[in-house]
Amino acid sequence: MFIKRKNNTKILFTLMLAAAAFFSQAIDITANLPARISDVKAGGQQIVLLGDELKVGQQAPDFRVVDNSFKPVRLSDFQGKTLMLSIVPSIDTGICSLQTKRFNEEVAKLPDSVQLLTISTDLPFAQKRFCEQEQVNNMAVLSDAVWRDFGSNYGLLIKDMGLLTRAIIIINQQGKVAYLQLVPELAQEPDYDAALQVLRQTIGS
């Protein structure tokens, strides 16, 4: 009996060492991303953004996010559409809530050729609850929580926070970035009118 307990203890200790070794070598998916000090401020301090900086005129990078059922969604799923991406740090906070509800109202006035996506790093469960509670039903609300693929590919991931910086991006039907608005203060609403004006011009062209 003593020998068996001793062997069990030894096995458990070996498993604990193996687990510790595994977690100590766990890969930080953001570790090798380029970092840059941005013009965006949080509480008056400039924030560091991770990923390659997005430029107007470039081909929009593909990305992989999930919907509220954890089904993968990619940029390529919207081929041939004009896209407006509304990016928020956390959908269930004051400014992010206002931004999401405002665009949910605006997209109802736009043609079917336009698709509006809201993207945050909130879990899909939280996004689903918010949309049901606030009756956000005119656009897709997607999560970058699983792979951080969108934030990494678009250079919008805030270092050491795991959140996306507030931004608006318009992608034309050819898949190119037609507009980029990085909101200069994280706790500030975007310039809705400027973004919607460019969106209408993009549709018209």
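The following paragraphs examine the structure supplied in this document. (Residues numbered from 1 in each chain as written. Predicted model: local features only at pLDDT ≥ 70, side-chain atom pairs only at ≥ 80, totals over all residues. Heavy atoms only, no water.)

A word on the environment of Gly162
The following threshold applies: Counting from the N terminus, the helices are the DSSP runs of H or I reaching at least four residues and the strands are the DSSP runs of E reaching at least two. Note on exposure labels: buried denotes an accessible area under 20% of the residue type's maximum, exposed denotes more than 50%, and partly exposed covers the range between, all computed with a 1.4 Å probe on protein chains only.
Here Gly162 is to be found in the loop between strand 8 (157-158) and strand 9 (167-171). By relative accessible area, which is 22% here, Gly162 ends up partly exposed.

Some details on the packing of aromatic side chains
Aromatic ring pairs are described here by two measures, namely the spacing of the ring centres and the angle between the planes. To be explicit about the condition: To pair, rings of Phe, Tyr and Trp, with the six-membered ring standing in for Trp, must have centres within 6.5 Å; the planes then decide the type, stacked if under 30 degrees apart, edge-to-face if over 60, and tilted in the middle. Working rule: Lys NZ or Arg CZ, within 6 Å of ring centre, within 35 degrees of ring normal, means a charge sits over the ring.
Summed over the entire model, instances satisfying the criterion amount to five aromatic pairs. When the centroid spacing of 5.1 Å and the interplanar angle of 85° are considered together, the rings of Phe63 and Phe150 count as edge-to-face. Placement of Phe63 in the loop between strand 2 (45-50) and strand 3 (64-66) and of Phe150 in helix 4 (residues 149-154) is noted, with a sequence separation of 87 residues between them. Judged by centre distance (5.4 Å) and plane angle (70°), the ring pair of Phe103 and Tyr192 falls under edge-to-face. Taken together, the positions of Phe103 in helix 2 (residues 94-107) and Tyr192 in helix 5 (residues 192-204) put the pair 89 residues apart, joining distant regions of the chain. Overall, Phe103 belongs to the buried group, its relative accessible area being 1%. Among the aromatic residues, ring-to-ring pairing joins Phe63, Phe150 and Tyr154 into one connected group. In this structure, Arg64 packs its charged tip against the face of Trp147, placed 3.7 Å from the ring centre.

Digging into the pairing of strand 5 (residues 82-87)
Just so we agree on the cut-off: Note on pairing: DSSP must find at least two bridges between two strands before they are called paired. By convention, orient the strands away from the viewer: a clockwise path from the first strand over the helix to the second makes the crossover right-handed.
In terms of burial, strand 5 is largely enclosed, as six of its six residues are buried. As paired strands, strand 5 and strand 6 (residues 114-120) are joined by six bridges and run parallel to one another. The residue bridging Leu85 from the neighbouring strand is Leu117, located in strand 6. Regarding the hand of the β-α-β motif, the stretch spanning strand 5, helix 2 and strand 6 is right-handed. Examined bridge by bridge, strand 5 and strand 9 share five bridges and lie antiparallel to one another. Among the inter-strand pairings, Ser86 is bridged to a residue of strand 9, identified as Ile168.

Focus on the pattern of salt bridges
Heads up, the condition is: Here a salt bridge means any side-chain nitrogen of Lys or Arg lying within 4 Å of a carboxyl oxygen belonging to Asp or Glu.
One pass over the structure, following the stated rule, counts nine salt bridges. Arg102 serves as the salt-bridge partner of Glu106, at 3.0 Å between the closest nitrogen and oxygen. With Glu106 and Arg102 both in helix 2 and four residues apart, this pair spans about one turn of that helix. Under the relative-accessibility criterion, Arg102 is labelled partly exposed at 26%. Here Lys109 ties to Glu106 by a salt bridge, and the two come within 3.6 Å at their closest N and O atoms. Overall, the relative accessible area of 60% leaves Lys109 in the exposed class. Under the relative-accessibility criterion, Glu106 is labelled buried at 8%.

Interpretation note: all reported values are geometric properties and have no functional meaning in isolation.
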